[in-house]
There are 2 protein chains.
Amino acid sequence: MSDDFCPVHAAIGVLQQKWVLHIVRELLNEPRGFNELSRSVGGCNPATLSQRLDELVTLGVVGREVQSVFPPRTLYRLTPAGVALQGVMQAVENWGRTYIKPDPQDGHACLNQQQVDSAS
Amino acid sequence: MSDDFCPVHAAIGVLQQKWVLHIVRELLNEPRGFNELSRSVGGCNPATLSQRLDELVTLGVVGREVQSVFPPRTLYRLTPAGVALQGVMQAVENWGRTYIKPDPQDGHACLNQQQVDSAS
DNA sequence: CTATTGCACTATGAAAATTATAGTGATATG
DNA sequence: CATATCACTATAATTTTCATAGTGCAATAG
């Protein structure tokens, strides 16, 4: 009673974890060290980042390359499966740029209703 | 100092919330009522589902249509901005079907290493 | 020589999000 | 008359994420 495995469901399970898409986005630009990645992702707690990276490494989306134990230098780099997420990121970027703009009130996210209403 | 609004960052912020992609996936098939959606999404707590739907409605990705207060009947349907997430779902589906398979050990998700290694 | 910075993280306890579970009121179904 | 269904809400427990501080040691700044 668990044989209804759906790869799409599983994929969503991976991608909807907090920070995963941000991490992937940064690593798509170029491989980074832990603190570097932490800064560029912005706002992610190191404990969470560490856990997320462990999971992604275990899953095989990200590779951890320990370049030197001392001075410490570790590189996180997308595996081919990780690089393949470029398609997803591209789609998210398209959607975001088309439909999301800053809320004129509080500067938070809201939908670009122009785009929604008047497809002139 | 907060004028670096990035629509892509904001889009990720929306899509990485737990259950959002699952909800969108179901609503892309067809509009549904609350319990219907709850069942088809599978495993989402009604409090969380309710909150997520509120947020998506507020954002403008989902529309709530109260068809009758009694007997209660509400329909959740994607707005055009929601339907536009089809591109994202498509990309996620492609990635999932290509790279994710059930782990032979425990039946959980893992990567399809065949795909990764031998691109014949 | 000494102080600071930077590396990759881990530890701790507090705060926030999600969960299981139960329940709302009324009607339609068995 | 008992049960199921609709769209949720309420409560309390659990899980996840968080802010903050700290590890050991080399390279750099003063």
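Residues numbered from 1 in each chain as written. Chains lettered and ligands numbered in written order. Predicted model: local features only at pLDDT ≥ 70, side-chain atom pairs only at ≥ 80, totals over all residues.

### Observations concerning the protein's contact with DNA strand D
No. 1: Taken together, 20 residues lie near DNA strand D, and Gly33, Phe34, Asn35, Pro46 and Ser50 of chain B sit nearest.
No. 2: Counting residues per element, the ones that place at least two in the surface near DNA strand D are α4 (46-59) of chain A together with α3 (34-41), α4 (46-59) and β2 (73-78) of chain B.
No. 3: For the surface near DNA strand D, a count of residues per class yields ten nonpolar, seven polar and three charged. (Near = placed C-beta within 6 Å. Helix = DSSP H or I, 4+ residues; strand = E, 2+ residues; numbered from the N terminus. Nonpolar A, V, L, I, M, F, W, Y, C, P; charged D, E, K, R; others polar.)

### A closer look at the domain arrangement of chain A
Accessible area lost upon the coming together of the parts serves often as the stated size of an interface.
All names here are of chain A.
No. 1: Per the domain assignment, the segments making up chain A are domain 1 (1-79) and domain 2 (85-120).
No. 2: The element best represented in the side of domain 1 that touches domain 2 is helix α2 (residues 20-29), accounting for four residues.
No. 3: Of the residues that constitute the side of domain 1 that touches domain 2, the class distribution is four nonpolar, no polar and one charged. (Domains from an automatic or database assignment.)

### Remarks on the packing of helix α1 (residues 7-15) of chain A against helix α6 (residues 86-99) of chain B
No. 1: The geometry of α1 of chain A relative to α6 of chain B is characterised by a closest axis approach of 8 Å and an angle of 110° between their N-to-C directions. Classified by the angle their axes make, α1 of chain A and α6 of chain B are roughly perpendicular. Across the interface between the two elements, Pro7, Val8, Ala10, Ala11, Ile12 and Leu15 of chain A from α1 of chain A touch Val92, Glu93, Trp95, Gly96 and Arg97 of chain B from α6 of chain B.
No. 2: In terms of residue class, the contact of α1 of chain A with α6 of chain B is built from eight nonpolar, one polar and two charged. (Axes fitted to C-alpha atoms, helices over the stretch in contact; angles between N-to-C directions. Parallel < 35°, antiparallel > 145°, perpendicular 65-115°, else oblique. Contact = placed C-beta atoms within 7 Å.)

### Some details on the protein's contact with DNA strand C
No. 1: The immediate surroundings of DNA strand C are formed by 20 residues, with Gly33, Phe34, Asn35 and Thr74 of chain A together with Lys18 of chain B found nearest.
No. 2: Listed by contribution, the elements that provide at least two residues to the surface near DNA strand C are α3 (34-41), α4 and β2 (73-78) of chain A together with α4 of chain B.
No. 3: Of the residues in the surface near DNA strand C, the class split is ten nonpolar, seven polar and three charged.

### Notes on the nonpolar core
No. 1: Leu15, Val88 and Val92 of chain A together with Leu15, Val88 and Val92 of chain B are the most contacted members of the largest nonpolar core, which totals 54 residues.
No. 2: Aside from chain neighbours lying at most four places away, what touches Val88 of chain B is Val88, Ala91, Val92 and Trp95 of chain A together with Leu15 of chain B. (Core = buried A, V, L, I, M, F, W, Y, C linked by C-beta atoms within 7 Å. Buried ≥ 20, exposed ≤ 12 C-beta atoms within 10 Å, placed from the backbone.)

### Quick word on the confidence of the model for chain A
No. 1: Confidence in the prediction for chain A averages 88 pLDDT; 90% of positions are at 70 or higher.
No. 2: Taken as a whole, residues 116-120 of chain A scores under 50 in pLDDT and shows five contacts with residues more than four places along the chain or in a different chain. (pLDDT = per-residue confidence, 0-100.)

### A word on the environment of Ser38 of chain B
No. 1: By secondary structure assignment, the location of Ser38 of chain B is in helix α3.
No. 2: With twelve residues separating them in the primary sequence, Ser38 of chain B and Glu26 of chain B have C-alpha atoms 9.8 Å apart.

### Quick notes on α4 of chain A
Residue and element names in this part refer to chain A.
No. 1: For α4, with 14 residues, the first-to-last C-alpha span of 20 Å sits near the 20 Å given by 1.5 Å per residue.
No. 2: Buried within α4 are the following residues: Arg52, Leu53 and Leu56. Buried residues along α4 cover an arc of 100° about the axis, so they all sit on one side. In α4, the exposed positions angled more than 90 degrees off the buried face are occupied by Ala47, Asp54 and Thr58.
No. 3: Buried-residue contacts for α4 involve α2, β1 (62-68) and β2.
No. 4: Just downstream of α4, Gly60 is the residue with a positive phi angle, here 100°. (Expected span 1.5 Å × (residues − 1). Arc of directions from axis to C-beta.)

### Section: the packing of helix α2 (residues 20-29) of chain B against α6 of chain B
All names here are of chain B.
No. 1: Where α2 contacts α6, the axes come no closer than 10 Å and their chain directions differ by 105°. In this view, α2 runs roughly perpendicular relative to α6, as classed from their interaxial angle. Within the contact between the two elements, α2 uses Leu21, Val24, Arg25 and Leu28 and α6 uses Gln86, Met89 and Val92.
No. 2: Looking at the contact of α2 with α6 residue by residue, the class counts come to five nonpolar, one polar and one charged.

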